[in-house]
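The residues making up each chain are set out below.
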Amino acid sequence: MSLGPLLTEVTLAFCLAVTLLYRYGNPFRQHIVVTLSVLIAWYFSLLIIFVLPLDVSSTVYRQCTSNATSNITEELSHSCLEPWSRVPNDVYPNLWRIVYWTSQFLTWLILPLMQSYIKAGDFSVRGKLKSALIDNAIYYGSYLFICGVLLIYLALKPGLDLDGPKLKAIASSASNTWGLFLLVLLLGYALVEVPRGLWNASKPGYTLHYSYFKAAKLSMEKCEAEETVDDILESLQAASAAINPGHPFHVNLETIFHKVPVELKDRMNRRQLPEDTPLDVPSEKALIRLHRQTIKALQTLQRTETQWGVLVDNIIDLEDVAKNQASHDKRFKSTYPVLRPLPIRLIYNPSVEWYWKCFLRSYVLKIAAIVAACLSFAVVWSEVTFFNNSPVLSIFAQFIQLASEKYDYFTIEVLSTLIIAYLCYCAYSTVLKIRVLNLYYLAPHHQTDEYSLIFSGMMFCRLTPPMCLNFLGLIQMDSHIIKKRFKMRDFETQYTQVMGHMDVISIISDGFNIYFPMAILAFCLATYFSLGSRLLSMLGFQQFLGDDELTSDLVEEGRELIKRERRKRQRVEDSMSRRREFMERIGSSSAAASRYRTSRQNSDTVISMKRDESTESARAGLLRDFDPSEYYVGTTFGTEGYGANSRIDRGYQSGADFNNEDARSYSINNSQLGNPPRGIFDDI
């Protein structure tokens, strides 16, 4: 026995969760409660994925020893090799109980309340909690009604006693059934779209046109978000004119203004209200509604501007690739070169970058697309046939059985990790790409807001347990799915034993959990023929269809938008260059003045004070009294309009510290809102 592999997996899962949270979130600005809750949700979800392969290899060993005990064959007992990662029998059950029930508590109670708390418009902790409870009560009312009907059905069923374990199994299995329904929808889309996306990404021309299309759509969404914010600012301006500083509601109004960035406040103050604007004092409910609308509008604007910055950077990189493909010297020339550390520059030089981006990358993506297509086919085939155990038709079950016969536990763990990793990538990468869920977006460079982080934690906790149960069904290691084959408790993983089964309701245990995954085939066919995209296009939602005239128009519009963005960035870069040159001239002038003063003082010493210091020339006195920082105030990059947080130059920290990497991240930080909101409790 050795705890080394288990401790390694636990540590790797924690490091990965911390790294992802640091990349997408902003722990230094977000509230500690949000950071810890999302970290636990991500960590426990990853922990299930990392540790489950070890549980599978341990289960294979228990199957061997159980067969040996039942056959009372000493020779067979000696042939059961102990896995290198085996731990005491009570480790996995205790671990799964803590991980599973904590993640369920987070995803069904804590995280939804926090998400509703963030968008609540009340001005007190009690009011926000009340709004959050009402919001979740409405959301979960249907689930409670269904659970009540099931409990009444089970209570009236003869010969069935409802005890604690059965109620726990009903609760966990109901959650897993809901997650399985969502998982099938996501996998039905992703198992086709992931290989197709990799194949299309290997074609720079196609990817560039598709990016132009997305830029045109995102620009329209960004304009709508800006118009919504303008309407909110007008309402705030009217409320500010109606509520005097001594009014009881003035504190609530200041709370709303605290959420509005300085740039938007200045723009609001410069505008004049229309003459027909009513200036009646709003009620408390009206202020609460206005507060809620302000939070939602600012979050939407922050998301769209972040998406716009990331998309523009990707398009500029694709345009650079298209330009460099015809390069004769085979050295990659970027519009905005990235300043990398010296060791990386020595290895990843312009020549290596050219061969990677203009030659090798396309072939690597095509190979990855082929591998992903093979994995998708294996997943679909196994989903359709995993319930058949004689003969075993599931591809993954065949691989695991072959490795089990040779007691190759390392291969079992590697295969299990690869299968789960691919399922996770397909499911998780699709969650935030669906148009219906476009309110949530994970943006790198610490630009993800708290609302999106909480949503991602909820979805990970809800999708991971049913996905792992589905994986165990694919490899035929779940006794409530393959009943004829597994008749002993030792033949199923410790994870399944802790999760429990929905055996008390036969229509779910024998029907939905087995046959509904077969619907993945229908969803995959619909995705392959783009039936959903064509239907949405017919309903008026623009989709990227190569043979559509509207698609071509949006591509041209996106190309013009990117040209305009390039010109804007070029003007900003030229302005920064002129400022650097000006400051260099100021610095050199200051140094010359210092040398002049020194030489003048030495000269006065040599002539033994032939003239009094009071008769010193006016020009020398002016030069001596000159302080460059006084002149720098007028052109400093920290002032309004040109600051590091301004709308124009955000992302350029200072003239002296400006480098190419700042230029690459310009559009990500070029936002009217700056960083995401500081915290959910700052207004209390």
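Residues numbered from 1 in each chain as written. Predicted model: local features only at pLDDT ≥ 70, side-chain atom pairs only at ≥ 80, totals over all residues. Heavy atoms only, no water.

Whenever I open this one, the environment of S211 confuses me. Can you help?
Within the secondary structure layout, S211 lies in helix 7 (residues 204–242). According to the relative accessible area criterion, S211 is buried, its value standing at 6%. In this structure, the C-alpha to C-alpha distance between S211 and R559, residues 348 residues apart in sequence, is 9.1 Å. S211 has contacts with L311, I315 and L318, leaving out every residue within four places of it along the chain. A polar contact is formed between the side chain of S211 and the backbone oxygen of T207, at a distance of 2.8 Å. (Helix = DSSP H or I, 4+ residues; strand = E, 2+ residues; numbered from the N terminus. Buried < 20%, exposed > 50% of the residue type's maximum accessible area, 1.4 Å probe, protein only. Contact = heavy atoms within 4.5 Å. Polar contact = N/O pair within 3.5 Å; in protein donor to acceptor, adjacent residues only side chain to side chain.)

What am I meant to see in the packing of aromatic side chains here?
Given two aromatic rings, one states the distance between the centres and the angle between the planes to describe the pair. Using the criterion set out here, one finds 12 aromatic pairs in the structure. On the numbers, 6.5 Å between centres and 50 degrees between planes, the contact of Y407 with Y409 is tilted. The rings of F14, Y43 and F44 are connected pair by pair, giving a single aromatic cluster. Positioned above the aromatic ring of Y206 is the side chain of K203, whose terminal nitrogen or guanidinium carbon lies 5.1 Å from the ring centre. Lying across the ring of W108, R462 places its NZ or CZ 4.1 Å from the centre. (Phe/Tyr/Trp six-rings, centres within 6.5 Å; stacked < 30°, edge-to-face > 60°. Lys NZ or Arg CZ within 6 Å of the ring centre and 35° of its normal.)

How should I be thinking about empty space enclosed by the protein in this particular structure?
Remark: the empty space left among the atoms is shown by a probe the size of a water molecule rolled over them. Inspection of the entire model under this criterion finds four cavities of 30 Å³ or more. Its volume calculated, the second largest cavity comes out at about 50 Å³. Lining of the second largest cavity is provided by V229, I232, L233, L236, V260, L264, T294, A297 and L298. Within the residue set of the lining of the second largest cavity, elements represented by two or more residues are helix 7 and helix 10 (284–324). (1 Å grid on protein atoms, 1.4 Å probe; cavity = no way out; pocket = protein on both sides within 12 Å on 5 of 7 lines; lining within 4 Å. Points joined across faces, edges and corners; volume = space filled by probe spheres on them.)

In this structure, what is going on with the environment of M467? I would like to understand it.
Secondary-structure assignment places M467 in helix 15 (residues 450–474). The exposure class of M467 is buried, given its relative accessible area of 1%. Sequence separation of M467 and L180 is 287 residues, and the distance between their C-alpha atoms is 7.0 Å. With sequence-adjacent residues up to four places away left out, M467 is seen in contact with L183, L423, C424, A427 and Y428.

Where do I start with the nonpolar core in this structure?
Within the largest apolar cluster, 87 residues are counted, with the highest numbers of intra-cluster contacts made by L191, F471 and Y495. Take this core: its biggest share by element is 18 residues, from helix 2 (residues 32–71). Filtering out sequence-adjacent residues up to four positions away, Y495 remains in contact with I48, L52, D55, W96, P465, C468, L469 and L472. (Core = buried A, V, L, I, M, F, W, Y, C linked by side-chain atoms within 4.5 Å.)

Where do I start with helix 1 (residues 4–24) in this structure?
Side chains that are three or four residues apart share a direction in an α-helix, a result of its 3.6 residues per turn. End to end, helix 1 covers 30 Å across 21 residues, agreeing with the expected 30 Å (1.5 Å per residue, within 8%). When helix 1 is considered as a whole, its buried residues turn out to be P5, L6, A13, A17 and L21. When helix 1 is viewed along its axis, its buried side chains cluster within an angular range of 135 degrees and face the same direction. The exposed residues of helix 1 that point more than 90 degrees off its buried face are L7 and T19. (Expected span 1.5 Å × (residues − 1). Arc of directions from axis to C-beta.)

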